[in-house]
There are 2 protein chains.
Amino acid sequence: MSRKKNFNAGPAALPLPALERARDELLDFANSGMSVMEHSHRGKEYEAVHDEALALLRELLAVPATHEILFVQGGASQLFAQLPMNLVQKGQTADYVVTGAWGEKALSEAKVATAMLGGAVRVACTTGTGEGKEKSYVRVPRPDEVKADPAAAYVHVTSNETIHGVEYAVDPSRPFPSPGGAPLVADMSSDFLWRPFDVSRFGLVYAGAQKNIGPSGVVVVIVSKELVERGRKDIPKIFQLRTPAENKSLYNTPPTFGIYMIRNVLAWLKGLGGLSAMEARNRKKAARLYGAIDANPGFYRCPVEKESRSVMNVVFRLPSEQDEERFVAEAKKLGMVGLKGHRSVGGIRVSTYNAVEPEWVDALVDFMGAFAKRG
Amino acid sequence: MSRKKNFNAGPAALPLPALERARDELLDFANSGMSVMEHSHRGKEYEAVHDEALALLRELLAVPATHEILFVQGGASQLFAQLPMNLVQKGQTADYVVTGAWGEKALSEAKVATAMLGGAVRVACTTGTGEGKEKSYVRVPRPDEVKADPAAAYVHVTSNETIHGVEYAVDPSRPFPSPGGAPLVADMSSDFLWRPFDVSRFGLVYAGAQKNIGPSGVVVVIVSKELVERGRKDIPKIFQLRTPAENKSLYNTPPTFGIYMIRNVLAWLKGLGGLSAMEARNRKKAARLYGAIDANPGFYRCPVEKESRSVMNVVFRLPSEQDEERFVAEAKKLGMVGLKGHRSVGGIRVSTYNAVEPEWVDALVDFMGAFAKRG
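First things first, this report covers the structure right here in the doc. Here the structure is a predicted model, which is why all the values come from computation and not from measurement.

1. Examining the overall build of chain A
For step 1, the next point in the chain: Within chain A, the regular secondary structure consists of ten helices and 13 strands.
For step 2, the next point in the chain: Its C-alpha atoms give chain A a radius of gyration of 21 Å, near enough to 21 Å, the size a compact globule of 375 residues would have.
For step 3, the next point in the chain: For chain A, the C-alpha atoms occupy an extent of roughly 60 × 55 × 30 Å along the three principal directions.
For step 4, the next point in the chain: Burial statistics for chain A: of 375 residues in total, 63% are counted as buried.
For step 5, the next point in the chain: Within the structure as shown, chain A displays about 13300 Å² of accessible surface, and the carbon and sulfur contribution to it stands at 51%.
For step 6, the next point in the chain: Looking at chain A, you have 47 positive and 42 negative side-chain charges, and the mean spots of the two groups are 2 Å apart.

2. Let's talk about the pattern of salt bridges
For step 1, the next point in the chain: As enumerated under the stated definition, the model contains 50 salt bridges over all chains in all.
For step 2, the next point in the chain: For the salt bridge of B:Arg195 with B:Glu167, the shortest nitrogen-to-oxygen distance reads 3.9 Å. In this pair, B:Arg195 is assigned in the loop between strand S8 (184-187) and strand S9 (204-208) and B:Glu167 in strand S7 (residues 166-167), connecting sequence segments 28 residues apart.
For step 3, the next point in the chain: Since its relative accessible area comes to 7%, B:Arg195 is described here as buried.
For step 4, the next point in the chain: What makes B:Glu167 buried here is its relative accessible area of 0%.
For step 5, the next point in the chain: Here B:Asp362 and B:Arg288 are joined by a salt bridge, their closest N and O atoms 2.6 Å apart. Note that B:Asp362 is positioned in helix H10 (residues 358-374) and B:Arg288 in helix H8 (residues 274-294), a separation of 74 residues in sequence.
For step 6, the next point in the chain: Overall, the relative accessible area of 28% leaves B:Asp362 in the partly exposed class.
For step 7, the next point in the chain: Since its relative accessible area comes to 38%, B:Arg288 is described here as partly exposed.
For step 8, the next point in the chain: Here the residues in one salt-bridge network are A:Arg139, A:Arg142, A:Asp144 and A:Glu145, joined through shared partners.

3. Quick word on the interface of chain A and chain B
For step 1, the next point in the chain: Opposite the 62 residues of chain A that make contact, chain B presents 62 residues.
For step 2, the next point in the chain: Summing both sides of the interface, chain A and chain B together bury roughly 5000 Å²; the carbon and sulfur share of this comes to 61%.
For step 3, the next point in the chain: Taken as a group, A:Leu27, A:Met37 and A:Glu38 account for 14% of the area that chain A buries against chain B, more than any other trio of residues on that side.
For step 4, the next point in the chain: The tally of links from chain A across to chain B stands at two salt bridges.
For step 5, the next point in the chain: Notably, a salt bridge pairs B:Glu38 with A:Arg3, separated by 2.7 Å at the nearest N-O pair.
For step 6, the next point in the chain: On inspection of chain A and its partner chain B, the count reaches 27 residue pairs in polar contact (both at pLDDT 80 or more).
For step 7, the next point in the chain: Every element with two or more residues in the side of chain A that touches chain B is listed here: helix H1 (16-24), helix H3 (75-87), helix H4 (101-116) and helix H7 (256-271) of chain A.
For step 8, the next point in the chain: In terms of residue class, the side of chain A that touches chain B is built from 29 nonpolar, 21 polar and twelve charged.

4. As for the layout of surface pockets
For step 1, the next point in the chain: When its volume is computed, the second largest pocket comes out at roughly 1200 Å³.
For step 2, the next point in the chain: Looking at the second largest pocket, it is lined by 45 residues, and the ones nearest its centre are A:Asn8, A:Gly10, A:Arg349, B:Ser40 and B:Arg42.
For step 3, the next point in the chain: Among the elements of the structure, H3, H4, helix H9 (321-333) and strand S12 (336-337) of chain A together with helix H2 (44-61) of chain B are those that each provide at least two residues to the lining of the second largest pocket.
For step 4, the next point in the chain: Residue contributions to the lining of the second largest pocket peak at four residues, all from H3(A).
For step 5, the next point in the chain: Per-class residue counts for the lining of the second largest pocket are 14 nonpolar, 20 polar and eleven charged.

Rules used throughout
Residues numbered from 1 in each chain as written. Chains lettered and ligands numbered in written order. Predicted model: local features only at pLDDT ≥ 70, side-chain atom pairs only at ≥ 80, totals over all residues. Heavy atoms only, no water. Helix = DSSP H or I, 4+ residues; strand = E, 2+ residues; numbered from the N terminus. Rg over C-alpha atoms; globule rule 2.2 N^0.38 Å. Buried < 20%, exposed > 50% of the residue type's maximum accessible area, 1.4 Å probe, protein only. Areas by Shrake-Rupley, 256 points an atom, 1.4 Å probe, with all protein chains shown as cover. Lys, Arg positive; Asp, Glu negative; His and termini not counted. Charge placed at Lys NZ, Arg CZ, Asp CG, Glu CD. Salt bridge = Lys/Arg side-chain N within 4 Å of Asp/Glu carboxyl O. Contact = heavy atoms within 4.5 Å. Buried area = accessible area lost by both parts, 1.4 Å probe. Polar contact = N/O pair within 3.5 Å; in protein donor to acceptor, adjacent residues only side chain to side chain. Nonpolar A, V, L, I, M, F, W, Y, C, P; charged D, E, K, R; others polar. 1 Å grid on protein atoms, 1.4 Å probe; cavity = no way out; pocket = protein on both sides within 12 Å on 5 of 7 lines; lining within 4 Å. Points joined across faces, edges and corners; volume = space filled by probe spheres on them.

What follows is the structure in structure tokens.
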């Protein structure tokens, strides 16, 4: 097998050692004579994996005792609805900062969820310009642009916009907002676990697994105990955050194989040196890519403002759509896949999640130089 | 490796060929140089798997064109809330038939979900007797016992109670209710796909995958187009059944590896001769087990009435709890696992899902005979 250089936006590349471990014990997990998929979620063999995944998350991110770590299902898209259902009380409002397509989706679902339960949402800031097909997002806001209501149930941000390639807190001038009284809530689906961050600054962060953590089908939620306790009780039990919080995410059957894969990925990440080492590795990959773009200004163009450029999803345009198609096709011949931009915005997108090897980026950068030279 | 004889209630045994196929291509799916987990859910490689899983379900169950097949997340426990959110209009009532712990849970979540949205639930029949710790369920109702409201949003049944071991339509005298005007909705989590059934009789059936279909983390829903269209639009989009129905269950990232495993399991099932062959195989396994119980009436006792005995989960008691513990421990030494009854009811439970090999049941039956003889 020749392994592809996989730049998919998600589901995305997984670390080879995590996959090899899964393959090697797929039929016989921990000498149990069964696959991990065949174990009861209440048995000691699976429970050890579940506990290890939770412990590794707590260790890698230094999650304080004030916060719970949960595994939930349904993808970040479900959290778009489930969070306001939990956290917006009757008569209350939640603030949203919109910096791209995922922020728009989160806002849209929160509108319906809050309307259903007697609350409301408000846009505290948007960086979108233009309308309809011309709508574009090229930056995250400066802190002074976010007008959050201190009485809001929370202030919601999308820490990295996978489609538009804008990210908070890569450049020091674009930190996460400090909403004062209201808890900060972040959708970190596409930039969770690529670097350390101060969990205590957030009331809640959530991340679909299929970028940096594992296969699709699991969402990791880190939430302050205070927010869990404050959550509404007049919604179905399965949607209350206190349900996984009080049951170690074992209220009902969790996606056991997904959590097992997360354990494998986290063990690999720890083995590489943890999040500081991973941050250095990722920043180097992104710097090489943006360097290749900026080195050919007449050919490659990154629409994103420098201070907002994402380390996880590097987006750029070529002179024409034909050039972009050719770029994708030629790269594919060289074993590089997943480079096509999201269908809603076009262009090229290079996703450089943790499992994307620096050598793959080197190969891509070399190709970019040669391709630009040929024109 | 010596493969265990796995009688787990779920997650449960999977067919060995389905697991071997997953292992063999775990690093290199369909010669793509990537794991199936690393493929985009919008790419042609994954889409072929997704489409094949849907097509196999349609073929195996002869699902009519009037019905959609959906993959959703969150487990059947989420459906307990999501279904009434979709299907019970303001001012409307849904009827529940309660035949065990899962029916109780479905009812309990539906109460909250309907209260949240201006509807209500009603118990159309319960076969429970006793209260609190003494509460027991030993049968499904006779058709004449179910007093359904023809104007109900639907009538909900649990086709097989995994914990209590009672099942509909194993004996001809205990068919599914015919609720007249209201659509019949069935939680088939633990008895989906073990036999053919007439899908057109149901408005909706749903089943968590982790019994007969695949690993945990996916729910299969089969629903009439009419019910999808009638569904409420004032709930978040992610919870509306029309969202997966209109997007081939690809509105957001599905649990791709879980659906891949379902494809593998369904291909195995088709190769074994489909559902009629599977029904014969399963009925034989269950008959052997109930035969072993009834052959030792002084030692083994099945609390379930004969007409309601489940083919999927065979529950029985021994003279004392000490005997039961000894039974589980000695069986374990012989490579038989997953025999302990659910913690809420105790006793022994033998789950005999599709992937449980007839030879495993034979070994267990031999052991049961020898164990009873020794006393």
